[in-house]
Amino acid sequence: AVPPDAPWLVGLNPEQHQAVTTTEGPVLVLSGAGTGKTKVLTARLAHILASRRAQPWQCLAVTFTNKAAREMRDRVAGLIGPVAEGVWLGTFHALCVRILRRHAELLGLKSNFTILDADDQVRLLKQVMEAEHIDAKRWPAQALMGTIQRWKDQGRLPDKLTAADTTELAGGRAQELYAQYQQRLLTLNACDFGDLLLHCLTLFLDHADVLAHYQAQFRYILVDEYQDTNVAQYLWLRLLAQSHKNICCVGDDDQSIYSWRGAEVGNILRFERDFPGAKVVKLESNYRSTPHILAAASGLIANNEGRLGKTLRPGLSHDAAAIEKVRVRGVWDGPEEARVVVDEIETLQRRGESLATMAILVRAGFQTREFEERLITTGVPYRVIGGPRFYERQEIRDAMAYLRLINSPDDGLAFERIVNLPKRGLGDAALQVVHNAARARGLSLFEAARLVVETDEMKPKPRKALAGFCDDMLRWRERMATLSHGELAQVVLDESGYTTMWQNDKSPEAPGRLENLKELVRALADFDSLQGFLEHVALVMENDERSDVDKVTIMTLHGAKGLEFDSVFLPGWEEGVFPHQRAMDEGGNPGLEEERRLAYVGLTRARRRVLVTFAANRRIYNQWQAALPSRFLEELPDSHVERQAERGLYAGGASSAAWNSGDVGGGWRKPEAQGTSWQVASRESAGDFAVGDRVFHQKFGNGFVVAVDGDKLEVDFDKAGLKKVLGSFVETQ
Ligand code: ATP
Ligand code: MG
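Residues numbered from 1 in each chain as written. Chains lettered and ligands numbered in written order. Predicted model: local features only at pLDDT ≥ 70, side-chain atom pairs only at ≥ 80, totals over all residues.

Engineer: When you look at the UniProt feature "domain: UvrD-like helicase ATP-binding" (unreviewed entry) in the chain in this model, what are you seeing that I'm missing?
Structural biologist: UniProt's entry tags residues 10–290 with the feature "domain: UvrD-like helicase ATP-binding" (unreviewed entry), counted in the numbering of this structure. Structurally, residues 10–290 comprises 49% helix and 10% strand, and the distance from its first C-alpha atom to its last is 22 Å. (UniProt positions renumbered as here; feature names shortened; annotations may be inferred. Helix = DSSP H or I, 4+ residues; strand = E, 2+ residues; numbered from the N terminus.)

Engineer: Quick question: what am I supposed to make of the sheet that holds strand β6 (residues 220–223) here?
Structural biologist: Sheet strands pair via backbone hydrogen bonds, and the direction of the pair is either parallel or antiparallel. The parallel open sheet is built from six strands, whose spatial order is β3-β2-β6-β7-β1-β8. Because the sheet does not close on itself, it has two edges, and the strands there are β3 (88–90) and β8 (279–281). On average, adjacent strands in this sheet sit at an angle of 10° to one another, irrespective of strand direction. Strands β2 (59–62), β6 and β7 (247–251) of the sheet are contacted by helix α11 (residues 231–241), whose axis makes an angle of about 160° with β6. (Pairing = 2+ DSSP bridges. Axes fitted to C-alpha atoms, helices over the stretch in contact; angles between N-to-C directions. Contact = placed C-beta atoms within 7 Å.)

Engineer: What is the right way to look at the site of ligand 1 in this model?
Structural biologist: Ligand 1 sits among 18 residues. The nearest are G36, K37, T38, K39 and Y287. No other element matches the three residues that helix α2 (residues 37–50) contributes to the shell around ligand 1. Residue composition of the shell around ligand 1, grouped by class: three nonpolar, ten polar and five charged. (Near = placed C-beta within 6 Å. Nonpolar A, V, L, I, M, F, W, Y, C, P; charged D, E, K, R; others polar.)

Engineer: Which parts of the structure should I look at to understand unusual backbone geometry?
Structural biologist: Leave glycine aside and you will find that most residues have negative phi; peptide bonds, for their part, are mostly trans. With an omega of -5°, the peptide bond running from L421 to P422 counts as cis. In this fold, P422 is placed in the loop between α17 (412–418) and α18 (428–441). Unlike most non-glycine residues, H133 shows phi in positive territory, near 55°. Tracing the backbone shows H133 in the loop between α5 (118–131) and α6 (141–153). One non-glycine residue with positive phi stands out, namely N189, at about 55°. Along the chain, N189 turns up in the loop between α8 (174–187) and β5 (190–191). N189 gets classed as partly exposed once you count the C-beta atoms within 10 Å, which come to 14. (Buried ≥ 20, exposed ≤ 12 C-beta atoms within 10 Å, placed from the backbone.)

Engineer: Where do I start with the UniProt feature "binding site: ATP" (unreviewed entry) in the chain in this structure?
Structural biologist: UniProt tags S31, G32, A33, G34, T35, G36, K37 and T38 as "binding site: ATP" (unreviewed entry). Excluding residues within four positions of it along the chain, G34 makes contact with N286, Y287, R288, S289 and T604. Relative to the helices and strands, K37 resides in helix α2. Under the C-beta neighbour-count criterion, K37 is labelled buried, with 26 such atoms within 10 Å. Aside from chain neighbours lying at most four places away, what touches K37 is V29, S31, V250 and L283.

Engineer: What's the story with the nonpolar core in this structure? I'm lost.
Structural biologist: Inside soluble globular proteins, nonpolar side chains tend to come together where they are buried. Core analysis: the biggest nonpolar cluster contains 135 residues, and L45, I221 and L361 have the highest contact counts within it. Here the element with the most residues in this core is α2; it accounts for eight residues. Among residues more than four places away in sequence, those in contact with L361 are M555, L557, A560, V568, F569, L570, G602 and R605. In terms of nonpolar packing, the next biggest core, distinct from the first, is built from 42 residues, L403, I418, C470 and L517 among them. (Core = buried A, V, L, I, M, F, W, Y, C linked by C-beta atoms within 7 Å.)

Engineer: I tried to follow α5 on my own but got confused; where do I start?
Structural biologist: Because the α-helix completes a turn every 3.6 residues, residues three or four places apart line up on one side. With 14 residues, α5 extends 20 Å between its outermost C-alpha atoms, agreeing within 8% with the 20 Å of an ideal straight helix rising 1.5 Å per residue. Taken together, the buried positions of α5 are occupied by Q121, V122, L125, V128 and M129. Projection of α5 onto a plane perpendicular to its axis shows the buried side chains occupying an angular sector of 120°, all on one side. Opposite the packed face of α5, turned more than 90 degrees from it, sit the exposed residues D119, E130 and A131. (Expected span 1.5 Å × (residues − 1). Arc of directions from axis to C-beta.)

Engineer: Sorry, what's going on with the pairing of strand β1 (residues 27–30) here?
Structural biologist: The side chains of a regular strand alternate between the sheet's two faces. Across the two faces of β1 the burial is the same, with V27 and V29 and L28 and L30 all buried. The pairing of β1 with β8 spans three bridges and is classified as parallel. Each bridged residue has a counterpart across the sheet, and for L28 the counterpart in β8 is V280. Pairing between β1 and β7: four bridges, direction parallel. In the strand pairing of β7, V29 is matched with V250.

Now the structure itself:
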């Protein structure tokens with residue numbers, strides 16, 4: 001038996017205690033953010049193991065990410081020791097792979113089956129469609145792939161589809177193509193991601209003995225982030241739990257943010273129907289955030305209509321005088337936003353707070369660039385979680401390779417990367433000819449290519465393609481003289497077909513990649529030359545990853561689910577950015593509500609402080625566009641929010657008075673008009689320069705004056721950092 005003062009029981013409130021110790025029968029914990037759902041699940045696992053109700057391998061625990069699985073394993077091990085190692089603990093996918101490897105032959109696979117990535121999946125489907133002479137222009141494989149994935153999320157194999165599902169797709173032949181695609185996968189001894197669950201379901205349904213084995217084995221099932229399970233995952237859980245019915249799911253309908261990946265919040269409602277007599281536990285005390293943060297988040301989410309509704313109140317006592325309101329700050333543009341956020345991070349760090357307790361949570365991946373550059377400039381270590389850093393992303397590397405090759409024809413690595421990207425029909429044999437010519441004559445690959453296309457070394461088709469590529473390159477290089485490098489990059493991405501390649505890609509990642517490419521073009525505008533930009537990126541990339549230093553976290557809101565930080569920065573709260581344009585266009589009101597839940601997730605990650613920022617202007621390519629503050633800002637209750645914005649920067653709207661009465665500070669710059677020229681607002685000035693002036697220096701580039709001493713200025717340069725320079729050597733901008 002477990003003593004009442006066992007470490008995992010100490011400090012639990014009565015409802016949490018009940019959720020932990022009600023080990024038998026179905027339990028649903030449906031509660032708001034930070035109420036201890038994950039803590040309860042961890043304690044429950046420790047409790048079951050410590051009380052010897054089950055052996056470790058008889059427990060099945062599902063988390064949303066691998067990272068969350070690792071954390072839960074470590075926590076349980078910390079509570080009860082290494083027995084925790086044996087628990088079946090992981091994501092749905094990881095657990096399914098584990099089961100499938102054991103029974104692969106029952107599904108016509110070998111146990112060493114491969115798992116295809118998104119590219120391979122589309123390639124395979126394309127082959128299937130080509131063989132069936134489906135018009136690829138009219139019915140792109142990517143589009144059908146997306147649909148097939150949705151069907152898989154819903155647990156539907158080809159034979160489960162109705163005519164109504166498929167008439168509109170691929171000339172009415174979607175069902176047949178889907179079936180062939182599945183057949184091809186089997187022949188290749190491969191699965192795609194969706195298959196992992198689907199095959200498991202098939203295994204359970206077709207082989208009663210296998211299902212019975214796992215039903216008997218898994219005496220206790222625990223599921224975190226239950227609101228984001230899809231139908232296939234739900235069916236999987238329901239099958240496994242059928243015999244013991246000891247299943248505990250925890251979730252929060254207000255944090256359902258993956259409907260775009262097939263998650264169905266209705267699974268929460270279905271639970272009580274499928275498991276009659278389920279114990280429903282409500283946790284209402286939030287132990288994470290200050291009352292202001294909690295009230296701000298609750299006020300925001302109250303604007304959603306489709307909610308189950310629940311109470312959330314502060315569970316910790318706070319010193320009222322010491323807690324901060326949620327701060328909302330309006331800034332002039334993106335670079336300024338990055339400066340404001342990173343300044344704040346440095347201030348907190350100077351006050352002794354660890355960088356690991358701070359996070360910048362963005363709506364979309366492209367937003368990380370501005371922050372990454374500012375953090376590098378200021379020397380603040382950071383990590384990007386959930387994806388590569390901006391300049392390491394595939395599409396950015398590809399685009400950079402185009403620019404590198406234009407800038408320097410000798411760049412053989414860049415040549416190799418893009419010569420057949422997008423596909424130009426240049427196979428290994430053709431490229432071998434170029435390599436040989438280069439080696440024999442001591443030429444760069446590009447020069448060798450130009451030479452080879454004048455000869456008959458290559459077959460006509462690849463030769464023509466390569467000649468076309470060389471002509472394009474030469475033409476783009478000529479246009480360097482007449483176009484700005486931002487425009488050039490745009491032209492190159494469009495004319496090369498690279499942008500189109502991603503536009504035709506219907507995978508869920510493709511829109512993000514297109515946004516990143518736009519951001520790259522935007523970034524170029526900040527540099528005087530292409531050369532300067534390429535050097536900058538080379539330096540940025542040198543900034544190596546060290547794991548032993550304290551770092552700020554940058555990640556997307558989607559990735560931040562379940563995590564917590566002392567200080568949270570939420571940038572880019574502008575209409576179109578957040579709520580995201582695509583979500584509103586494609587999703588209508590449900591789409592908007594999902595964006596609001598995402599905002600709720602963002603706010604509720606914070607323990608102690610939140611800074612929300614929005615910019616009045618964003619640069620799209622080389623043009624400035626006025627941005628509208630996010631509607632979510634208006635929805636934050638005034639009594640828990642402190643709003644700061646430059647006078648006049650935010651006009652109109654219900655609370656404009658509150659905005660404009662905010663502290664505008666002394667260092668705020670006001671633009672003359674939309675454009676790159678800056679005008680100094682009235683301010684104490686010494687000589688020709690004043691603190692806050694935007695200046696340009698031949699050697700160090702652009703920066704802001706931070707101190708003036710006669711003709712000597714201290715300037716914070718965007719790239720070179722803090723430098724002392726002579727006033728006679730700089731120009732006001
Ligand atoms: P989310 O919905 O964001 O996933 P959650 O409901 O899973 O949140 P947890 O992450 O489990 O919440 O808990 C939030 C924080 O509150 C954690 O730091 C946790 O340790 C703390 N906490 C939970 N319950 C208690 C308690 N009874 N006493 C003190 N702290 C608690
Ligand atoms: Mg949690």
